[in-house]
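These are the residues of each chain, in order.
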Amino acid sequence: MRILVTGGAGYIGSTAVRMLIEKGFDVTVLDDLSTGHRDAISSSATFIEGSILNPDDVTTALKECDAVIHFAGKSLVGESVLKPDLYWSVNVEGTRILLDGMRKAGITRMVFSSSAATYGEPLTTPILETDPTLPTNPYGATKARIDEMLAVESDHYGLSAISLRYFNVAGALSTSQGWLAERHSPETHLIPNVLRSTQENPVSVFGTDWPTSDGTCIRDYVHVVDLIEAHIKALGALNSPTHTIINLGSGRGYSVFEVIDAASAALAREVHRRKSPRRDGDPAVLVADISRAKTLLSWAPTRDIAQMVLDSAHALELI
Ligand code: UFG
């Protein structure tokens, strides 16, 4: 069975490619290398350097494929506020072109990389898939729009699709060629920034006056290997023309200070930190209800925050 992995040169996509190949799948990668890295792509995959915005590239990449895991897209909340057009174009129009290509090629199965950013400021916690989508930034709005497009595609054209709504992804996969690290530039995510902090460049803690037990924001972190195991289970569950939304997190929250403590234990040194003002657009608490993933995919995460920071530290060559 051949899977097209769009965005297979990125942090999460390249991890998926390796794990799919290990499980015996054939893999084609479509990536324009705008944010991904050529050296992250397994040499066992067929690589098409091209864009989901180019129908010819999509047609070429879909050849002989049976299903698609769609990671390609722009994924930075802050950038999406500055460049909303770019997000609507790449994420929404790119997915439209991909869906049109799939329809022409008769491919009816897709797992989509959606996001907890679709929910916006949660009304209740933990967050259920049935909660309203009230995104607070263009990134989340584009992911919510794509989820709607997939529902229409299922209703009218027989697509079998699962949107996986990720919470905060961390950790890394160790391969025979080394670790597949998170390599963003600039890096905005908490865990890499905590791990790289030094006395001269301490990590900024965005707000210590939130209505939480220690005053810092709470997020639900999930290990990238657990996350991809859920994608592989989702592929196996695509057997009817329906669209299903499933949250992927660990189902428990960690505060910024708890993440710093876990990193300090992994590195066996103090993590230098600096109190900073709140970051615009951050909700206080984001935690997933993961009952649906447990029930529908028979999936449960097994790697805790200690493992996530340890693996991220290895991947960033800090230990
Ligand atoms: N934080 C800091 N200092 C930093 C970076 C982050 O204090 O240097 C704090 C943030 O304020 C937030 C928490 O750490 O409270 C996590 O921040 P991240 O930037 O690592 O992640 P976000 O929660 O902002 O966003 C991530 C993904 C989004 C996704 C969201 C869903 O980047 O794509 O999780 O939960 F939508």
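Predicted model only: the values in this text are computed from it and were never measured. (Residues numbered from 1 in each chain as written. Predicted model: local features only at pLDDT ≥ 70, side-chain atom pairs only at ≥ 80, totals over all residues. Heavy atoms only, no water.)

Overview of the overall build of the chain
Definition in use: Helical segments are the DSSP runs of H or I of at least four residues, strand segments are the runs of E of at least two, and each set is numbered from the N terminus. For a compact globule the rule gives 2.2 Å times the number of residues to the power 0.38, and the radius of gyration it is set against comes from C-alpha atoms. The buried label goes to any residue with under 20% of its type's maximum accessible area, the exposed label to any with over 50%, and the partly exposed label to all in between, with areas taken from a 1.4 Å probe on protein chains only. Working rule for contacts: check all heavy atoms of both residues, and any pair within 4.5 Å makes them a contact. Computed by Shrake-Rupley with a 1.4 Å probe, the accessible areas treat only the displayed protein chains as cover when residues are assessed. Only four residue types enter the charge count: Lys and Arg as positive, Asp and Glu as negative, with His and the chain ends excluded. Think of each charge as sitting on NZ of Lys, CZ of Arg, CG of Asp or CD of Glu.
Secondary structure assignment for the chain yields 10 helices and 16 strands. Its C-alpha atoms give the chain a radius of gyration of 19 Å, near enough to 20 Å, the size a compact globule of 319 residues would have. Taking the principal axes of the C-alpha coordinates as reference, the chain spans close to 55 × 45 × 40 Å. In the chain, which comprises 319 residues, the proportion classed as buried is 55%. Pairs at least 24 apart in sequence give 77% of the contacts found in the chain among residues at least 6 apart. By element, 50% of the accessible surface of the chain is carried by carbon and sulfur atoms, the whole surface being about 13,800 Å². For the chain, the distance from the average position of its 28 positive side-chain charges to the average position of its 38 negative side-chain charges is 1 Å.

A look at the pairing of strand β6 (residues 160-166)
Formally: Note on pairing: DSSP must find at least two bridges between two strands before they are called paired. By convention a crossover is right-handed if, when the strands point away from the viewer, the path from the first strand over the helix to the second runs clockwise.
Among the seven residues of β6, seven are classified as buried, and the element is accordingly described as predominantly covered. Residues Ser160, Ile162, Leu164 and Tyr166 line one face of β6 and the alternating positions Ala161, Ser163 and Arg165 line the opposite face, and both faces are buried. Two elements, strand β5 (residues 109-115) and β6, share seven bridges in a ladder whose sense is parallel. Each bridged residue has a counterpart across the sheet, and for Arg109 the counterpart in β6 is Ser160. Regarding topology, helix α5 (residues 138-157) serves as the crossover connection from β5 to the parallel β6, and that connection is right-handed.

Some thoughts on the side chain of Ser14
Quick reminder of the rule: Pairing of N or O atoms within 3.5 Å defines a polar contact, subject to two protein rules: one partner must be a possible hydrogen donor and the other a possible acceptor, and residues neighboring in sequence count only if both atoms are side-chain atoms.
When you line up the elements, Ser14 lands in helix α1 (residues 11-22). Residue Ser14 is classed as buried on the basis of its relative accessible area, which comes to 3%. For Ser14, the side chain forms a polar contact with the main-chain oxygen of Tyr11, separated by 3.4 Å.

Focus: the packing of helix α8 (residues 256-267) against helix α10 (residues 305-315)
We count it as follows: All axes here are fitted lines through C-alpha atoms, helices being fitted over the stretch that makes contact, and every angle between N-to-C directions spans 0 to 180 degrees. Put simply, angles under 35 degrees are roughly parallel, angles over 145 are roughly antiparallel, angles from 65 to 115 are roughly perpendicular, and the rest are oblique. Crossing chirality is assigned from the near helix's rotation relative to the far helix, an anticlockwise turn below a right angle marking it left-handed and a clockwise turn marking it right-handed. Three classes are used, and their members are as follows: Ala, Val, Leu, Ile, Met, Phe, Trp, Tyr, Cys and Pro are nonpolar, Asp, Glu, Lys and Arg are charged, and the others, Gly among them, are polar.
Contact geometry for α8 and α10: axes closest at 9 Å, N-to-C directions at 55 degrees. Classified by the angle their axes make, α8 and α10 are oblique. As α8 runs across α10, the sense of the crossing is right-handed. Contact residues: Val259, Ala262, Ala263, Ala266 and Leu267 in α8; Ile305, Val309, Leu310 and Ala313 in α10. Its residues placed into classes, the contact of α8 with α10 shows nine nonpolar, no polar and no charged.

Here's the deal with the site of the ligand
Formally: The cutoff for a nearby residue is simple: one of its non-hydrogen atoms must lie within 4 Å of the molecule or strand.
Neighbouring residues of the ligand: 22 residues in total, closest His189, Leu190, Ser204, Arg279 and Asp282. Within the side chain of Asn168, one N or O atom sits 2.8 Å away from an oxygen atom of the ligand. Contacts to the ligand include Ser204, whose backbone N or O atom sits 2.6 Å from a nitrogen atom. About the coverage of the ligand: the protein hides 90% of its 690 Å² of free accessible area. Counting only elements with at least two residues in the shell around the ligand, the list comes to α6 (190-195) and β10 (203-206).

Here we look at α8
Let me state the cut-off plainly: Expected helix span is given by 1.5 Å per residue-to-residue step, counting one fewer step than there are residues.
Look at α8: 16 Å from first C-alpha to last across 12 residues, which is about the 16 Å you get at 1.5 Å a residue. Val256, Phe257, Val259, Ile260, Ala262, Ala263, Ala266 and Leu267 are the residues of α8 that are buried. Residues of α8 that are buried make contact with α6, β10, β12 (221-223), β14 (254-255), β15 (273-276) and α10. Within two residues after α8, Ala268 carries a phi angle of roughly 55 degrees, on the positive side.

Things to note about the pattern of salt bridges
Rules: Each salt bridge in this description consists of a side-chain nitrogen of Lys or Arg and a carboxyl oxygen of Asp or Glu lying within 4 Å of one another.
The full count for this structure, using the stated rule, is 14 salt bridges. With a closest N to O distance of 3.1 Å, Glu153 and Arg96 form a salt bridge. One end of the pair, Glu153, is in helix α5; the other, Arg96, is in helix α4 (residues 84-105), and 57 residues separate them in sequence. Because the salt bridges share partners, they merge into one network encompassing Arg96, Asp100, Arg103 and Glu153.

Looking at the sheet that holds strand β11 (residues 218-219)
Strands sit in the order β14-β11-β16 across an open sheet of three strands; the sheet is mixed. The sheet is open, and its two edges are formed by β14 and β16 (285-286), each paired on a single side. Relative to β14, β11 is paired through two bridges, and the arrangement is antiparallel. Note that in β14 the partner of Arg219 across the bridge is Tyr254.

Looking at helix α2 (residues 55-62)
We apply this condition: The arc in question is the one spanned by the directions pointing from the helix axis to the C-beta atoms.
By the burial criterion, the buried members of α2 are Asp57, Val58, Ala61 and Leu62. In a view along the axis of α2, the buried residues occupy a sector of 125 degrees, so they form one face of it. Looking at where α2 begins, the residue whose side-chain oxygen comes 2.8 Å from the main-chain nitrogen of Asp56 is Asn54. Two residues or fewer past α2, Glu64 is found with a positive phi of approximately 65 degrees.

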